[in-house]
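Coordinates in review
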Amino acid sequence: MKHPLLPLSETMHYILLALREPLHGYAVMQKIEEMSHGSVVLAAGTLYGAIENLNKHGWIEPVGKSGRRKIYGITAEGRDVLKVEQERLLHILSLYEGSEPDEEV
């Protein structure tokens with residue numbers, strides 16, 4: 001899969017992973033902070049810019065509303081993107097496993 005957004009940024013990884021369950025923007029921010037154990041805190045502008053981009057590429061889509069809030073979910077294509085990225089990252093991690101424990105990385 002060749003795409004201009006690949007490889008995914010850390011932000012896009014977290015958003016796609018969070019949206020495996022339908023959520024609105026603020027809930028996505030909270031989920032990402034929880035998943036990253038507080039190490040990733042997204043500003044609203046960063047989140048909504050990324051959501052707009054992911055939606056434009058068909059990787060997420062609006063699936064409903066909660067009051068005025070749009071609820072988004074990952075699409076089948078978005079799941080495919082996560083799978084491709086997972087395989088890429090697992091390959092990179094396997095390269096670490098081949099290094100000697102005392103070697104500097």
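Presented here is a report on the structure given in the accompanying data block. (Residues numbered from 1 in each chain as written. Predicted model: local features only at pLDDT ≥ 70, side-chain atom pairs only at ≥ 80, totals over all residues. Heavy atoms only, no water.)

Quick look at the nonpolar core
Counting 26 residues, the largest nonpolar core has Leu-8, Ile-15, Leu-16, Val-28, Ile-32 and Trp-59 as its most contacted members. Leave out the neighbours within four places in its chain, and Leu-16 touches Leu-8, Leu-54, Trp-59, Ile-60, Ile-74, Val-81 and Leu-82. (Core = buried A, V, L, I, M, F, W, Y, C linked by side-chain atoms within 4.5 Å. Buried < 20%, exposed > 50% of the residue type's maximum accessible area, 1.4 Å probe, protein only. Contact = heavy atoms within 4.5 Å.)

Looking at the pattern of salt bridges
When the charged atoms of two side chains with opposite charge come close together, those side chains can pair. Applying the stated criterion to the full structure yields two salt bridges. Close ionic contact of Lys-31 with Glu-21 constitutes a salt bridge, the shortest N to O distance being 3.3 Å. Within this pair, whereas Lys-31 is found in helix H2 (residues 25-35), its partner Glu-21 is found in the loop between helix H1 (10-18) and strand S1 (23-24), the two being separated by ten residues in sequence. Overall, the relative accessible area of 23% leaves Lys-31 in the partly exposed class. Here Glu-85 makes a salt bridge to Arg-88, at a shortest N to O gap of 2.8 Å. One end of the pair is Glu-85 and the other is Arg-88, both in helix H4 (residues 76-97) and three residues apart, which spans about a single turn. Looking at Glu-85, the relative accessible area reads 2%, which means it is buried. (Salt bridge = Lys/Arg side-chain N within 4 Å of Asp/Glu carboxyl O. Helix = DSSP H or I, 4+ residues; strand = E, 2+ residues; numbered from the N terminus.)

A look at the sheet that holds S1
Through backbone hydrogen bonds, the strands of a sheet pair up, either in parallel or in antiparallel fashion. Taken in spatial order, the three strands make up an open sheet running S1-S3-S2, and their pairing is antiparallel. A strand with exactly one partner marks an edge of an open sheet, and here the two such strands are S1 and strand S2 (60-66). The sheet contact formed by S2 and strand S3 (residues 69-74) spans six bridges and is antiparallel. Counted as the bridge partner of Ser-66 is Arg-69 from S3. (Pairing = 2+ DSSP bridges.)

Quick look at unusual backbone geometry
At His-37, a residue that is not glycine, the phi angle is positive and equals roughly 55°. Mapped onto the elements of the fold, His-37 is located in the loop between H2 and helix H3 (44-56). For His-37, a relative accessible area of 76% puts it in the exposed group.

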